[in-house]
4 protein chains.
Amino acid sequence: MIKVSIIGATGYAGAELLRLLYNHPQVEVVHITSESHTGKAISEVYPHLRGLYDQKLISMKDLDVIAKDSDFVFIGLPHGHAMEVGKALADTNVRIIDLGADYRFDDTTVYEQWYKVPHTHKDAPRVYGLAELYRDEIKSAKIIGNAGCYTTASILALAPLVKNEFIETNTIIVDAKSGTSGAGRSPKLMNHYPEFYDNFKAYGVATHRHTPEIEQALGHLCHRKVMLNFTPHLVPMSRGILSTCYANIKQWVTPEMIDAAYNEMYGKEYFIRLLGRGGYPSTKEVRGSNFCDIGWHIDLRTGRIIVLSAIDNLVKGAAGQAIQNMNIACGLDEKTGLDITPIYP
Amino acid sequence: MIKVSIIGATGYAGAELLRLLYNHPQVEVVHITSESHTGKAISEVYPHLRGLYDQKLISMKDLDVIAKDSDFVFIGLPHGHAMEVGKALADTNVRIIDLGADYRFDDTTVYEQWYKVPHTHKDAPRVYGLAELYRDEIKSAKIIGNAGCYTTASILALAPLVKNEFIETNTIIVDAKSGTSGAGRSPKLMNHYPEFYDNFKAYGVATHRHTPEIEQALGHLCHRKVMLNFTPHLVPMSRGILSTCYANIKQWVTPEMIDAAYNEMYGKEYFIRLLGRGGYPSTKEVRGSNFCDIGWHIDLRTGRIIVLSAIDNLVKGAAGQAIQNMNIACGLDEKTGLDITPIYP
Amino acid sequence: MIKVSIIGATGYAGAELLRLLYNHPQVEVVHITSESHTGKAISEVYPHLRGLYDQKLISMKDLDVIAKDSDFVFIGLPHGHAMEVGKALADTNVRIIDLGADYRFDDTTVYEQWYKVPHTHKDAPRVYGLAELYRDEIKSAKIIGNAGCYTTASILALAPLVKNEFIETNTIIVDAKSGTSGAGRSPKLMNHYPEFYDNFKAYGVATHRHTPEIEQALGHLCHRKVMLNFTPHLVPMSRGILSTCYANIKQWVTPEMIDAAYNEMYGKEYFIRLLGRGGYPSTKEVRGSNFCDIGWHIDLRTGRIIVLSAIDNLVKGAAGQAIQNMNIACGLDEKTGLDITPIYP
Amino acid sequence: MIKVSIIGATGYAGAELLRLLYNHPQVEVVHITSESHTGKAISEVYPHLRGLYDQKLISMKDLDVIAKDSDFVFIGLPHGHAMEVGKALADTNVRIIDLGADYRFDDTTVYEQWYKVPHTHKDAPRVYGLAELYRDEIKSAKIIGNAGCYTTASILALAPLVKNEFIETNTIIVDAKSGTSGAGRSPKLMNHYPEFYDNFKAYGVATHRHTPEIEQALGHLCHRKVMLNFTPHLVPMSRGILSTCYANIKQWVTPEMIDAAYNEMYGKEYFIRLLGRGGYPSTKEVRGSNFCDIGWHIDLRTGRIIVLSAIDNLVKGAAGQAIQNMNIACGLDEKTGLDITPIYP
């Protein structure tokens, strides 16, 4: 049995980890922490878990105990805090999967620039946690910086095109839309039910912190700096992300070459379902599951490709991918604990 | 392995059976039928299942083959059609769980009165499929008439009170509210997205066919005829039922006696989570799971009890209970394939 | 021109007053106050009003100025605070319409019992602000305690039956459902978008403060004490209330007598649209308007009547009725400023 | 009084015309037609209008009568049908506002190419009905081809940039999102409530018929052919469109020049509310009103501008703009009948 603990277990990613780990045959959840709800049963904070989990939330101050009892630690803390934990656990055997941003970047100055906090663990032995693209590195990683939600959908959508140099990378635009659980569990006016019902808006235009993360991953694939626009939007629903990605196709590239590139890169990937050319993923078709559905459209008239990519922001965009990464890191079948159908309707 | 087939597999209950059975360790889904989609892959009708089920839908005309290959058959046909199937399979070894109404009634004239169709299998060896209350009969049932969604929530809410004669049964009122998946998958104006968004309404007042079903089950518990009002309402959401049940409490009954009655009847039931006196179940806390959450409130001022009961209409209200009944009928642990957490948020 | 001011203008009722008053041909909005947003333009707090209202919010400390400049003052403060304002303005000519509960009760001990605050203006010259039933008193009222949202829908639903003694008043049950704007604009976990999306629940069972208000109005109609159960529920939508009201019909009452009672009481009421026996009001059919749609169903089998009543909680349940009351009090055509169609879809 | 008739009055645009015209002080609605509901009262088809409109729907076969009795005719028929009406009324004095696509195009071969039906009224004296940009032509137009919903939002967003040659028009991408009322009132599986709740998807990628309409209007502004990508998406809400428009800014253009361009073009436009640089329009802030809210963001890092534009698809995207155009054509104040606040929440 793999012993896991969750530090910062009361955000939605934490709740989702508990849902998925409940049925993971090889995992035992040992400790769960929360600073705002220390001492409470998790089912007090998340009543849907009553009768399923009886753990009490402890404080993360007991990091030693947590480390001693765990093989893996998932960190669900806000950015800026995970690196403290990572640093404290640097000399232990515990392996870390951070669901936040602290360990996603090669270049910590990029992190500092976009996240506006100093990075205190610059030399951490870390790997970017986007399972399908960084699988080998993840196998032996000490610290995995689990990829972000929007970024996972967007990078997976564009990777085959960038890797094969099929598109002009300086024309990439990612227009993404997410359900409201992506904004977290703290009540705010913007997410107040009557405020956002029958409403739709963009936010973080040109400034969203997922921008450099997508640029980094795509840059890895084509070995040069990539600059793009990423625009997130809030959808009046609970879960789900659809990423609509645009780019100019190079003149010599044919639709067949593009189809082949997707099939080659993802044909064997269990969690990536290719809808093919002309396909229309929808967020509900992957809801509750670790799937990423991808469809692409080629506009010969304008010379552009439009790639659509749908995930569940809490599963493939957070907890599901974290467990997938843990499976990889443990040498387990990647599907372990994640082999479920989406929930429809 | 238990071999199951689903006749009429393309309604929402069918889709939900496929979701839950996917992870049932002892079940193999053999045949799935549909008359409107014969020949199609199920993933064509339900794209969320792509990559998970590759079965093609056959016609139910091949009932012999289906029966021969199956231990259990779930019927997801509209009422009036299941009895034909039941009759045709009467002399086979196949055991049947009908998710419709055809086999729910002791007295088929009641069925005919409310469903307006003649009953063609009046002497069918059938059992009412509300697991917690009819467990013994279900164990050896040939045909199980799976309880309805609203009825399951309402009967479970009231059963301890009726069994113990704590309430005046002629004062019972059930005011229930359901998400839209309960109305099925056929597009109609009432359920057209822009028509029902930001909308709420009642329907079937004094005429809903679940009325006699609740009356029958409660009548079984107190051994006399029960008559009540049941009013369904449609909520602009996907899944979930909340039943608000009212009744006058007999003068000699104390709150403690009521608490004890619920604990006694349900304390050991895995799928019934008692929130206790003052508890407020919510549909989202059971969403996607087979749980029924119950809370009750005693109004000493008016002498009434108000019981709140929440289920997922497609799980405990249909497919989940069907599988629970199948487990009982097979002698399996009742939780098999149903031991999952609700999905939140 | 009637000069009106709004004290506590930044709640949803305040915003709704501003929407409806914008097109009231005889009203000029003079002062609008807010203690939390003093100094801001109203369009800062409610951006949808940009370009339509340029007023700045002032503090209510300047009550003298406000009184001097206004013919009418609408109070949108939380309960407990309006009575201070009413007392301070007792000797002025300003007429007051309080959208809260402070002036709704004949017997202030009932208020104190349910609202848990001492009433500091017990002898206020007040009238209950449910336009259709208290019209004459409203005409000359100094202070109008605008009826509550749930209460308006419920009282209007039951009034003809109670007035004519057609039902056993001790069997009345009101099961009501409201959109989330009824809970106000303060972000709370319960109303946090991802928490309440695809969710439904009851609250305030046996304890909701609208209970005595309904009891009082019905008591006025039959001249005796009425006791009933009122159960509110939250619907995952923005606006709207549907009240489902149950009562036992007296044996000698016929359906025709009931129909006649509704027609007699409401046949000439512009804002009450009778859908008749068998009618199914829906909240969206009155959304954005001051209408109350009523339909009733008689269950001869159980001897009960079920009355359905739909309003927009912010219009007929608050701001619309307040303006209707103001029109009555000013001797204007009651429809002035309220003669609009609902917004659909 | 201006006499208007609505041909094809039972779609959502027709219902919205009836809502807005109800309070238009100069308009009398004379005839309303429907082929599917001929003979019914409009309140039978749209119960929210009960008590407000008592007209019966007639057939459009009586076109002569309709023309004789009307000054203006609004056409709410599906594309391909309006041109028959326009042709039939060519020699009458009646002025026509078509809410469909038949009269939007200068070049009818473009229409035929994208709408796949032959154009039977190629030489019609028509004007594109986007009020702010075609005001002069609209004043004396015989036939106004009311602009589409997505197109209105997108063209208004980009017009100042294109007119001033601030952007590379071959880099324009429009990513738009609409509530479900845009898809009309015919029940279809895609818009079936439980199918689309908690769901989001794109459609019509590279093929949507609004593409050439946006290209035409922008082409008018810069006097050359414009080619762009337009991608629509469906949002699980009732109303609203947000258009997110991207383009590369020419090197010599400064943010101040862009701000000035928007202010110059729209500063005096009542229905266009400029949120300025950094502004975030939301669909709910314009809901129910004829406003178009625009905000823009300049990304100096990538050299792009991102313009956000929000409208209500049924108001500024259809009925509201149609009435605005009618006001212009009649020489009335453009705000007549449209001077209302959005409805919030």
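The structure presented is a predicted model; accordingly, all values stated were derived computationally and were not measured.

Enquirer: Please set out the sheet that holds strand β1 (residues 2-7) of chain C residue by residue, giving values where relevant.
Expert: Residues and elements named next belong to chain C. Overall, parallel pairing links the seven strands, which are arranged β3-β2-β1-β4-β5-β7-β6 in an open sheet. On the outer flanks of this sheet lie β3 (57-58) and β6 (126-129), each paired with one strand and no other. As paired elements, strand β5 (residues 95-98) and strand β7 (residues 143-146) share three bridges and run parallel to each other. Residue pairing in the sheet places I97 in a bridge with I144 of β7.

Enquirer: How would you summarise the relation of the copies chain B and chain C if you had to cite specific residues and measurements?
Expert: Superposition record for chain B on chain C: RMSD 0.0 Å, screw rotation 180°, translation along axis 0.0 Å. Taken together, the rotation angle and the small translation identify this as a two-fold axis.

Enquirer: Tell me about the pairing of strand β4 (residues 72-75) of chain C, and please be specific about residues and values.
Expert: Residue and element names in this part refer to chain C. Side chains of β4 alternate between two faces, with F72 and F74 and V73 and I75 buried alike. Sheet topology places β1 next to β4; four bridges connect them, and they run parallel. Of the residues in β4, the one forming a bridge with V4 is F72. Relative to β5, β4 runs parallel, the two being bridged by four bridges. By the bridge assignment for β5, F72 is matched with R95. The β-α-β motif built from β4, the intervening helix α4 (residues 82-88) and the parallel element β5 has right-handed crossover chirality.

Enquirer: Before we move on, can you summarise the packing of helix α7 (residues 149-163) of chain A against helix α10 (residues 255-266) of chain A with the specific residues and values?
Expert: Residue and element names in this part refer to chain A. Remark: α7 packs on α10, axes separated minimally by 9 Å, with the N-to-C direction vectors making an angle of 115°. Crossing angle aside, the handedness with which α7 passes α10 is right-handed. Across the interface between the two elements, I155, L156, A157, A159, P160, L161 and K163 of α7 pack against I258, A261, Y262, M265 and Y266 of α10. Each residue belonging to the contact of α7 with α10 can be placed in one class, and the counts come to 11 nonpolar, no polar and one charged.

Enquirer: Please set out the interface of chain B and chain C residue by residue, giving values where relevant.
Expert: Contact residues are listed per partner, giving 51 residues for chain B and 51 residues for chain C. It is D198, F200 and R301 of chain B in chain B that bury the most area against chain C; as a group they hold 17% of the surface buried on that side. Of the charged contacts, one joins D175 of chain C and K177 of chain B as a salt bridge, the two residues approaching to 3.1 Å between their closest N and O atoms. In this assembly, chain B and chain C are joined by 46 residue pairs in polar contact (both at pLDDT 80 or more). Secondary structure elements with two or more residues in the side of chain B that touches chain C: β8 (173-178), α8 (193-196), β9 (201-202), α9 (210-222), β10 (229-234), β11 (241-248), β13 (292-299) and β14 (304-311) of chain B. Tallying contributions element by element places β8 of chain B first for the side of chain B that touches chain C, with four residues. Taken together, the residues that form the side of chain B that touches chain C break down as 25 nonpolar, 14 polar and 12 charged.

Enquirer: A description of the relation of the copies chain A and chain D should follow, citing residues and the corresponding values.
Expert: Expressed as a screw operation, the relation of chain A to chain D combines 0.0 Å of axial shift with a rotation of 180°, fitting to an RMSD of 0.0 Å. In this assembly, 100% of the residues forming the interface of chain A have copies in chain D that are likewise at the interface, indicating an isologous arrangement.

Enquirer: Help me get a handle on the UniProt feature "active site" (unreviewed entry) in chain A, residues and values and all.
Expert: Mapped onto this numbering, the UniProt entry gives "active site" (unreviewed entry) at C149 of chain A. Among the secondary structure elements, C149 of chain A is positioned in helix α7.

Enquirer: Go over the sheet that holds strand β5 (residues 95-98) of chain B with me, naming the residues and quoting the values.
Expert: Pairing is parallel across the open sheet formed by seven strands, whose spatial order is β3-β2-β1-β4-β5-β7-β6 (chain B). One side of each edge strand has no neighbouring strand; the edge strands of this open sheet are β3 (57-58) and β6 (126-129) of chain B.

Enquirer: Could you give an account of the packing of aromatic side chains, with specific residues and numbers?
Expert: Per the stated rule, a full pass over the model turns up 66 aromatic pairs over all chains. Put simply, the rings of Y193, F196 and Y197 of chain A, Y193, F196 and Y197 of chain B, Y193, F196 and Y197 of chain C together with Y193, F196 and Y197 of chain D touch in pairs and so form one group of aromatic residues. In this arrangement the basic side chain of K284 of chain A is found over the ring face of Y344 of chain A, its NZ or CZ atom lying 5.6 Å from the centre.

The rules behind the values
- Residues numbered from 1 in each chain as written.
- Chains lettered and ligands numbered in written order.
- Predicted model: local features only at pLDDT ≥ 70, side-chain atom pairs only at ≥ 80, totals over all residues.
- Heavy atoms only, no water.
- Pairing = 2+ DSSP bridges.
- Helix = DSSP H or I, 4+ residues; strand = E, 2+ residues; numbered from the N terminus.
- Least-squares fit on C-alpha atoms with pLDDT ≥ 70 in both.
- Buried < 20%, exposed > 50% of the residue type's maximum accessible area, 1.4 Å probe, protein only.
- Right-handed = clockwise from strand over helix to strand, strands pointing away.
- Axes fitted to C-alpha atoms, helices over the stretch in contact; angles between N-to-C directions.
- Left-handed = near helix turned anticlockwise from the far one by under 90°.
- Contact = heavy atoms within 4.5 Å.
- Nonpolar A, V, L, I, M, F, W, Y, C, P; charged D, E, K, R; others polar.
- Buried area = accessible area lost by both parts, 1.4 Å probe.
- Salt bridge = Lys/Arg side-chain N within 4 Å of Asp/Glu carboxyl O.
- Polar contact = N/O pair within 3.5 Å; in protein donor to acceptor, adjacent residues only side chain to side chain.
- UniProt positions renumbered as here; feature names shortened; annotations may be inferred.
- Phe/Tyr/Trp six-rings, centres within 6.5 Å; stacked < 30°, edge-to-face > 60°.
- Lys NZ or Arg CZ within 6 Å of the ring centre and 35° of its normal.

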